[in-house]
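The chain contents come next:
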Amino acid sequence: MGLAVRPRFLACGDSAVTIEFGTEIDDGINALCLAFDEALSAAAFPGVVESLPTYRSVFVQVDPLVIDMHAFETRVLELLDGLTTETGAAKRWRIPVVYGGAFGIDLDDVAAAHGITPNEVIRRHSERVYRVAMLGFLPGFCYLSGADQSIALPRRIDPRLKTPAGTVSIGGVQALFASVEAPSGWHLLGRTPVRNFMPDRDPVFLVGAGEEVVFQPVDASRWDALDAAAAAGDPVAELIAP
């Protein structure tokens, strides 16, 4: 195979299969997942209903009355032969974030755990360029690679049953910005007014997998205006590259 990768095919009942390319959170593996998902969609194999890329695998829903799984596996291997993960410059979004206080209730605790100031946590968090590895858990949740490990913490022992839409948080080696209100065991550093998921908008998802994100600290006094603009359909996020 061109990429020297032989995936594992893991049956998920009779109407889906997970195609696993690795077992770790790794940008190279993730890039392969995203490239394969795009190529699979373009190939339009009979019997493939839908596919969903993740950090390290692609979940494929199939019609068992149409598809022959042995033939499908062969075609997947053929598709992977010569597949490249080389792409042009990724879209990069600047996302406004209000850090700390009521918007990021764990900021002070994260700072204390590392023996640094809250402002230093904000600096380290907001100076990174993050890569959107996947959308998952709930519609529009952006799971981000590239987090600064000097401020990393294990997930909370006592997850919260409810966290606000737009939460910007860290957990383990990962970073996240959320799209809708949801339970979470992550550490909440701030909140963005950006609506990454709006079902009546085109596009429904503003920021997609494979794209990049940088966070811009903004003052809490700007929240109401930014939030109102976002609710009215303004992206609020700024596309700064390419």
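Up top you'll find the structure we're talking about.
Residues numbered from 1 in each chain as written. Predicted model: local features only at pLDDT ≥ 70, side-chain atom pairs only at ≥ 80, totals over all residues. Heavy atoms only, no water.

Trainee: How do you make sense of the pairing of strand E13 (residues 212-217) when you look at a structure like this?
Mentor: The side chains of a regular strand alternate between both faces of the sheet. Two elements, strand E5 (residues 92-99) and E13, share 6 bridges in a ladder whose sense is parallel. Within E13, the residue paired with arginine 92 across the bridge is glutamate 212. Judged from the 2 bridges that link them, strand E6 (residues 130-135) and E13 form a sheet pairing that is antiparallel. Opposite tyrosine 130, over in E13, you have valine 213 as the bridge partner. (Pairing = 2+ DSSP bridges. Helix = DSSP H or I, 4+ residues; strand = E, 2+ residues; numbered from the N terminus.)

Trainee: What am I meant to see in the sheet that holds strand E2 (residues 16-20) here?
Mentor: In a beta sheet, neighbouring strands are held together by backbone hydrogen bonds and run either parallel or antiparallel to one another. The 4 strands lie next to each other as E1-E2-E4-E3, forming an open sheet whose pairing is antiparallel. The strands lining the two open edges of the sheet, one partner per strand, are strand E1 (8-11) and strand E3 (48-53). Across this sheet, the average inter-strand angle for adjacent strands is 20°, counted without regard to direction. Note: E3 against strand E4 (residues 57-62), 5 bridges, orientation antiparallel. Considered in E4, the bridge of proline 53 is made with valine 58. Taken strand by strand, helix H2 (residues 69-80) contacts E1, E2, E3 and E4, and its axis lies near 30° from that of E2. (Axes fitted to C-alpha atoms, helices over the stretch in contact; angles between N-to-C directions. Contact = heavy atoms within 4.5 Å.)

Trainee: Please explain the side chain of serine 145 as it appears in this structure.
Mentor: Topologically, serine 145 is positioned in strand E7 (residues 142-145). In this structure serine 145 comes out as buried when scored by relative accessible area, which is 9%. At 2.8 Å, the side chain of serine 145 and the side chain of aspartate 27 are in polar contact. With near-sequence residues (within four places) excluded, serine 145 lies in contact with Asp27, Tyr130 and Arg131. (Buried < 20%, exposed > 50% of the residue type's maximum accessible area, 1.4 Å probe, protein only. Polar contact = N/O pair within 3.5 Å; in protein donor to acceptor, adjacent residues only side chain to side chain.)

Any functional reading would require information beyond the geometric quantities listed.
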